[in-house]
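Coordinate inspection notes
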Amino acid sequence: MDILILALMVLLGLYMAWNIGANDVANSMADAVGSGALSVKQAVIAAGICEFAGAVLVGSHVTDTIRKGIVDPSALASMPGMLEGEPAALLVIGMSAALLSAAIWLNFSTWTGMPVSTTHSIVGAIAGFGIVAAGIGSVNWGKMGQIVASWFISPFAGGLMAFIIFKIISRLILGHHKPARAAIKITPYIVFFLAMVVTLATIYKGLKHVLKGLDWLTDTHTLLFAFVISVISTIISRLHVVKKLAGKETLPLAQQLELVEEVYVPLVIISSCALAFAHGANDVANSVGPLAAVANIFKTGTVEMKVPVPLWILVLGGCGIVLGLSTYGYRVMATVGTKITEITPTRGVAADIAATATVLICTRMKLPVSTTHTLVGAIMGIGLARGLAGIDSRIAKKIFKSWLITVPAAAIVCIILFLLGRAYLLDYVRELVLAARVG
């Protein structure tokens, strides 16, 4: 492969991964930071470890060439007047433009502190490339319709579940005249539900690529495994809560509430780290999938619907994510963790459980939902549980606007970049594709 092309691909992949870390990953730790359970520095270290481990150790080693089947590559090949190698060259330019435009949009969104979906950015960019390269009919509008619907399904479902969970916690524990005693009784049940959801999400969203070869790990066995983990977690949590809160019901109410919140600190850290691990495993390879597609075309000279993701791309994605989170992630962490509503450890746990459960259920139903949208919706849900004044409506409106313009904005930027690339680089890229076929 041409050394210049390889260098540009590495820089492009690193830039995209940096933006994923700065925007997407920051969301997963926002509850832990906003509740005071972790400092920004501690959150960066924890999320960095979890995301890198998820991306490199159990990340998908195969990705769809065209993200989510948005564009049919055969539409390029069937266009009249195409020279040999030209469809593959156009796909290289289109995928590169999509990756760069998605990264630019993510960079802008992070700069303004707005949490947006990496997947939706790439999907919008690829749709823009498909429309210009092969016509409006090359885009799978059914898939696009599902994605548009997810803008509303994700935050609503996550918000509703978070609202219900936090109302339960408020009524049974925080609103009790002796919250320390109530927490001893109720918290183990919450831990059971949290452990069940986190374990299932880790397996289905995080480890599914590794566990495909384990035929014995059926849905029934997975549920049984999650149940055992949850029972063990419940017993440990019961011992921990009793140790922390036994005999504290005689303390002043404010002091009891403070102790209860302290008990929930480890729970919000665990749930946030689980979100980060699952995100790294499930989304990172897909997010740098266009880079894998380009690398495969230069290696084989052909276009394939599913391509291998080389380890160096997974490592590149993992390193870029950690770098983006550590250098720029504080902006989105601040928006999601502190500006939408005030978050405490109990509220953070409610939001994390709701977000994880919603994404898990929707994944099993094969509905394309955004983890970012779901978590933000969950945080809004716990804010609304305290009344309309519980959320900052100005920030909420800004976030919703950024979601609505993500797909068209990424598409427009991609169209511009693709047209420039086609005008100035098509012949050069086509020669490289033909050389790869000969080689």
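What counts and what doesn't
- Residues numbered from 1 in each chain as written.
- Predicted model: local features only at pLDDT ≥ 70, side-chain atom pairs only at ≥ 80, totals over all residues.
- Heavy atoms only, no water.
- Helix = DSSP H or I, 4+ residues; strand = E, 2+ residues; numbered from the N terminus.
- Rg over C-alpha atoms; globule rule 2.2 N^0.38 Å.
- Buried < 20%, exposed > 50% of the residue type's maximum accessible area, 1.4 Å probe, protein only.
- Contact = heavy atoms within 4.5 Å.
- Areas by Shrake-Rupley, 256 points an atom, 1.4 Å probe, with all protein chains shown as cover.
- Lys, Arg positive; Asp, Glu negative; His and termini not counted.
- Charge placed at Lys NZ, Arg CZ, Asp CG, Glu CD.
- Phe/Tyr/Trp six-rings, centres within 6.5 Å; stacked < 30°, edge-to-face > 60°.
- Axes fitted to C-alpha atoms, helices over the stretch in contact; angles between N-to-C directions.
- Parallel < 35°, antiparallel > 145°, perpendicular 65-115°, else oblique.
- Left-handed = near helix turned anticlockwise from the far one by under 90°.
- Nonpolar A, V, L, I, M, F, W, Y, C, P; charged D, E, K, R; others polar.
- Expected span 1.5 Å × (residues − 1).
- Polar contact = N/O pair within 3.5 Å; in protein donor to acceptor, adjacent residues only side chain to side chain.
- Salt bridge = Lys/Arg side-chain N within 4 Å of Asp/Glu carboxyl O.
- Patch = residues over 30% accessible without salt bridge, like charges linked within 9 Å, V, L, I, M, F, W, Y side chains within 5 Å.
- Core = buried A, V, L, I, M, F, W, Y, C linked by side-chain atoms within 4.5 Å.
- Arc of directions from axis to C-beta.

With respect to the overall build of the protein
When helices and strands are counted, the protein shows 17 helices and two strands. Taking 22 Å as the expected radius of gyration for a compact globule of 439 residues, we find that the protein reaches 23 Å, a close match to that expectation. Along the longest, intermediate and shortest principal axes, the C-alpha atoms of the protein span 85 × 50 × 35 Å. Counting the 439 residues in the protein, one finds 56% classified as buried. In the protein, of all internal contacts separated by at least 6 residues, the share reaching a separation of at least 24 is 85%. Summed over its atoms, the accessible surface of the protein is roughly 18,200 Å², and 70% of this surface lies on carbon and sulfur atoms. In the protein, which carries 31 positive and 21 negative side-chain charges, the distance between the mean positions of the two groups comes to 10 Å.

As for the packing of aromatic side chains
Applying the stated criterion across every chain, the model contains seven aromatic pairs. Ring centres of Tyr328 and Tyr330 lie 6.3 Å apart, and the angle between their planes is 90°; on these two criteria the pair is classed as edge-to-face. Judged by its relative accessible area of 15%, Tyr328 is buried. An aromatic cluster is built from Trp18, Tyr328 and Tyr330, whose rings are joined through pairwise contacts.

Quick word on the packing of helix H5 (residues 86-111) against helix H12 (residues 289-300)
The geometry of H5 relative to H12 is characterised by a closest axis approach of 9 Å and an angle of 155° between their N-to-C directions. As the angle between them shows, H5 and H12 are arranged roughly antiparallel. In the packing of H5 onto H12, the handedness of the crossing is left-handed. For the pair H5 and H12, the contacting residues are Ala88, Leu91, Val92, Met95, Ser96 and Leu99 in the first and Pro290, Leu291, Ala293, Val294, Ile297 and Phe298 in the second. Split into classes, the residues belonging to the contact of H5 with H12 amount to 11 nonpolar, one polar and no charged.

Regarding helix H3 (residues 40-57)
Taking 1.5 Å per residue, 18 residues should reach 26 Å; H3 reaches 25 Å between its end C-alpha atoms and fits that length. All of the buried residues in H3 are Ala43, Val44, Ala46, Ala47, Gly48, Cys50, Glu51, Gly54, Ala55 and Val56.

Digging into the packing of helix H6 (residues 118-134) against helix H7 (residues 141-174)
Close contact between H6 and H7 brings their axes to 12 Å; oriented N to C, the two are set at 150°. On the basis of their axis angle, the class for H6 and H7 is roughly antiparallel. Relative to H7, the crossing made by H6 is left-handed. Along its contact with H6, which presents His120, Val123, Ala127 and Ile131, the element H7 presents Trp141, Met144, Ile147, Ser150 and Trp151.

Re the side chain of Thr234
Tracing the sequence through the fold places Thr234 in helix H9 (residues 219-245). Since its relative accessible area comes to 18%, Thr234 is described here as buried. Setting aside its immediate chain neighbours within four residues, Thr234 contacts Pro188, Val191 and Phe192.

Notes on the side chain of Thr187
Of note, Thr187 is situated in helix H8 (residues 179-206). A polar contact is formed between the side chain of Thr187 and the backbone oxygen of Ala183, at a distance of 2.7 Å. In this structure Thr187 touches Ile173, Val241 and Tyr264, once residues within four positions along its chain are discounted.

Regarding the pattern of salt bridges
Considering all chains together, one arrives at one salt bridge under this definition. A salt bridge links Glu249 to Arg181; the shortest N-O distance between them is 3.9 Å. Taken together, the residues span a long stretch of sequence, with Glu249 in the loop between H9 and helix H10 (253-263) and Arg181 in helix H8 at a distance of 68 residues. A residue is classified by how much of its surface remains accessible, and Glu249, at 21% relative accessible area, is partly exposed. We classify Arg181 as partly exposed; its relative accessible area is 36%.

Description of a nonpolar patch on the surface
Among the surface-exposed residues, Ile3, Leu4, Leu8, Leu11, Ile412, Ile416, Leu420, Tyr424, Leu425 and Tyr428 lie close enough to one another that they form a single nonpolar patch of about 1,100 Å² accessible area. For the nonpolar patch, the elements supplying multiple residues, two or more each, are helix H1 (3-28) and helix H17 (393-438). With six residues, H17 is the single largest residue contributor to the nonpolar patch. Structurally, the position occupied by Ile3 is in helix H1. Taking relative accessible area as the criterion, Ile3 reaches 66% and is therefore assigned exposed.

Structural notes on the nonpolar core
What tends to happen in soluble globular proteins is that the nonpolar side chains get buried as a cluster. In this structure, Met29, Ile70 and Phe129 are the most contacted members of the largest nonpolar core, which totals 118 residues. Setting aside residues no more than four positions away along its own chain, Met29 makes contact with Leu38, Ala43, Ala46, Ala47, Ser272, Cys273, Ala276 and Met333. In this structure, Met196, Leu200, Tyr204 and Ala226 belong to the second largest nonpolar core, which totals five residues.

With respect to helix H14 (residues 330-339)
Of the residues making up H14, those classed as buried are Val332, Met333, Thr335, Val336 and Gly337. Here the buried residues of H14 occupy an arc of 170° about the axis, which is enough to place them on one side.

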